[in-house]
Amino acid sequence: LAFSTTFRANRENALLGIPANFFVANPNAAGITLLGNDSMSNYHSLQAEIRRRFSGGLQFQADYTFSKAMTDAPGALGNNQSDLTSWRTLRDKQLDYMRSAQDQTHRFVFNSIYDLPFGRGRRYLSNANGLVDRTLGGWTVGSIVVWATRPPWFINSNRTTVNQFNSGNNPADLVGISFEEFKKNVGVFRHPTGIYFINPELLDIVTNPTTGAFVSSRLKPGLMAAPAPGFFGNFPMNSLNGPRFFNMDASLVKRIPITETVKGELKTTFINIFNNANFVYNGQAFDSTSFGRVTAQSGSPRVIHFTLKVTW
C-alpha cells in the first residue's frame, strides 16, 4: 500500500482524508534504512542467597532472584551486537517499551551434597571392618534443582500497515473476548489430540475422521481479528507468562578404597531425574492453523550416566 503504483491515486487523493505520510514517514523516499544503537533496557532485581556447610558432611546453597527486565526493543534478545529490531512506528517509540523477551520474574536454584554418615570416620559404623566399610561407606548424594518462570509472550496479528518490517510485533485485536477473560484460559490443557496452552473450549479442533489424528486447531471465530489498516491491535504485548520450568538433576557417588594409594570411584548421574516435560509455547498469530497447541519442550529427557574412575 505504501509504494504500489496500483494504489497511488488513492494515496494522493486528498478527498479520502489520508495524510501524505500516513503509510511512511517520508513519502518522497522510496526507502530509507537507518541502523542505530539507541534502544535501551533496564533490569531490577532482588537477589537472595543462602549457603550452609555442616560438620556432618552436608552442604547446600540456595539462590532466588525476583526480577523484571524492560526494553524498547522487544524483538531482540539483546545479547550480541548483531541483534536487529524495528520500531513499530517512528512516530512514537515509547509504544515499544515493554517487558523484555528475556524477562524472568522468578528463578530459584538449589544445589546440595551429602556425604552419607556410614563407614569409617563417620557417625555410624565408624569401626566397621574392611568389607563393611567398602560396602556401606563412602557414599555421597548430590542434587541440583531449578525452578523458574518463563519469558513473556502475546498473540500477534502477523500483519501491519504501519511498518512492513515489524509485522510480528503488531498484536491481534481483541474483539469478542477481554484480555482478562482470555488470560484465564491460558495454561496447560490435556486433550485427546495433544497438549494445548490455550483452553480447547476456545478452539475449533479438526481431526482426521478415520484415524482421529490431529489436523488443525483454530481460534473460534469472533474472538480476535486483524487490526484495521493503520492501527495497532489492542492485545497487550508481552503480557502473558510462559509456563514454569522445573528440572532436577541428581548424582550418586560410591568411593571405594582399594589400597592405601589406589582409590576407585563409581558415579551415577541422573539428568532430569523425574523425566519432567517442560513445555514451550510462544506467541502465535491469531489465525494460525495450529493455534494454542504445544509442539515443543525444552531441556533434556531423563538421561543416566555411569562413570568409573580409578586414581593412584
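To keep things clear, this report deals only with the structure shown in the data block. (Residues numbered from 1 in each chain as written. Predicted model: local features only at pLDDT ≥ 70, side-chain atom pairs only at ≥ 80, totals over all residues. Heavy atoms only, no water.)

Re the overall build of the protein
Cut-off, in case you're wondering: By the criteria applied, helices consist of DSSP H or I runs no shorter than four residues and strands consist of E runs no shorter than two, each listed in order from the N terminus. It is over C-alpha atoms that the radius of gyration is taken, and the globule rule equals 2.2 Å times the number of residues to the power 0.38. When checking whether two residues touch, look at their non-hydrogen atoms; a contact exists if any pair is within 4.5 Å. With residues, only the protein chains shown are counted as cover, and all accessible areas are computed by Shrake-Rupley using a 1.4 Å probe. Counted as positive: Lys and Arg. Counted as negative: Asp and Glu, with His and the chain ends omitted from the count. To locate a charge, take atom NZ for lysine, CZ for arginine, CG for aspartate or CD for glutamate.
Secondary structure assignment for the protein yields 3 helices and 16 strands. In summary, the protein has a C-alpha radius of gyration of 28 Å against a globular reference of 20 Å for 312 residues, an excess of more than 25%. With the C-alpha coordinates aligned to their principal axes, the bounding extent of the protein is approximately 100 × 55 × 35 Å. Sequence separation of at least 24 residues holds for 67% of the intrachain contacts in the protein that already meet a minimum separation of 6. With an accessible surface of roughly 19,300 Å², the protein has 56% of that area assigned to carbon and sulfur atoms. Of note, the protein has its 30 positive side-chain charges centred 8 Å away from the centre of its 20 negative side-chain charges.

Structural notes on the pairing of strand E13 (residues 263–271)
Strand residues, when the strand is regular, have side chains that alternate between the two faces of the sheet. Inclusion rule: Two strands pair if DSSP finds at least two bridges between them.
Across 8 bridges, strand E12 (residues 240–257) lies against E13 in antiparallel orientation. For serine 251, the partnering residue across the bridge sits in E13 and is threonine 269. Here E12 folds back onto E13 in antiparallel fashion, the turn holding 5 residues.

Considerations on the nonpolar core
Counted only if it meets this: Only buried Ala, Val, Leu, Ile, Met, Phe, Trp, Tyr and Cys residues count toward a nonpolar core, and they belong to the same one when joined by side-chain atoms within 4.5 Å. Burial classification: accessible surface area is computed with a 1.4 Å probe over protein chains only, and a residue below 20% of its type maximum counts as buried, one above 50% as exposed, and the rest as partly exposed.
Grouped together as the largest cluster of nonpolar side chains are 26 residues, with contacts concentrated most on Ile155, Phe182, Ile198, Met224 and Phe235. Looking at this core, the elements that each hand over two or more residues are helix H3 (179–183) and strand E8 (194–198). Top element by residues in this core is E8. It accounts for 4 residues. Excluding its chain neighbours within four sequence positions, the residues that come into contact with methionine 224 are Ile155, Ala172, Asp173, Leu174, Val175, Phe182, Leu219, Phe235 and Phe286.

So, the environment of lysine 68
As for its placement among the helices and strands, lysine 68 is situated in strand E2 (residues 58–71). Considered as a pair, lysine 68 and serine 45 are 23 residues apart in the sequence and their alpha carbons are 6.4 Å apart. For lysine 68, the residues in contact, after removing those within four places along its chain, are Asn42, Tyr43, His44, Arg99 and Asp103.

With respect to the environment of asparagine 185
Within the secondary structure, asparagine 185 sits in the loop between H3 and strand E7 (186–191). Separated by 17 residues in the primary sequence, asparagine 185 and leucine 202 place their C-alpha atoms 8.1 Å from one another.

Points about the packing of aromatic side chains
For the record, the criterion: Each aromatic pair joins two rings of Phe, Tyr and Trp (for Trp, the six-membered one) with centres within 6.5 Å, and gets the label stacked for planes under 30 degrees apart, edge-to-face for over 60, and tilted for any other angle.
Going through the model one piece at a time under the given rule, you end up with 8 aromatic pairs. With a centroid separation of 5.5 Å and an interplanar angle of 85°, the aromatic rings of tryptophan 153 and tyrosine 281 are classed as edge-to-face. Separated by 128 residues along the polypeptide, tryptophan 153 in strand E5 (residues 139–153) and tyrosine 281 in the loop between strand E14 (278–280) and strand E15 (296–298) bring together distant segments of the chain. With relative accessibility at 7%, the residue tyrosine 281 sits in the buried group.

Brief notes about unusual backbone geometry
With a phi close to 50°, asparagine 238 is a non-glycine residue in the positive phi region. When you line up the elements, asparagine 238 lands in the loop between strand E11 (224–225) and E12. What makes asparagine 238 buried here is its relative accessible area of 7%. Its identity as a non-glycine residue notwithstanding, asparagine 275 has a phi of 55°, on the positive side. Topologically, asparagine 275 is positioned in the loop between E13 and E14. The class of asparagine 275 is partly exposed, set by a relative accessible area of 40%.

Structural notes on the pattern of salt bridges
Short version of the rule: Salt bridge, as used here, is a side-chain nitrogen of Lys or Arg placed within 4 Å of a carboxyl oxygen of Asp or Glu.
For the coordinates displayed, the defined rule picks out 10 salt bridges. Between arginine 99 and aspartate 103 there is a salt bridge; the shortest N-O distance is 2.9 Å. We classify aspartate 103 as buried; its relative accessible area is 2%.

Comments concerning the environment of threonine 89
Checked against the element boundaries, threonine 89 lands in the loop between E2 and strand E3 (98–99). For the pair threonine 89 and alanine 48, spaced 41 residues apart in the sequence, the C-alpha separation amounts to 40 Å.

Description of the side chain of aspartate 173
Looking at where aspartate 173 falls in the secondary structure, it is placed in strand E6 (residues 173–174). Beyond its immediate sequence surroundings of up to four residues, aspartate 173 is in contact with Leu223, Met224, Ala225, Ala226, Pro227, Phe232, Gly233 and Asn234.

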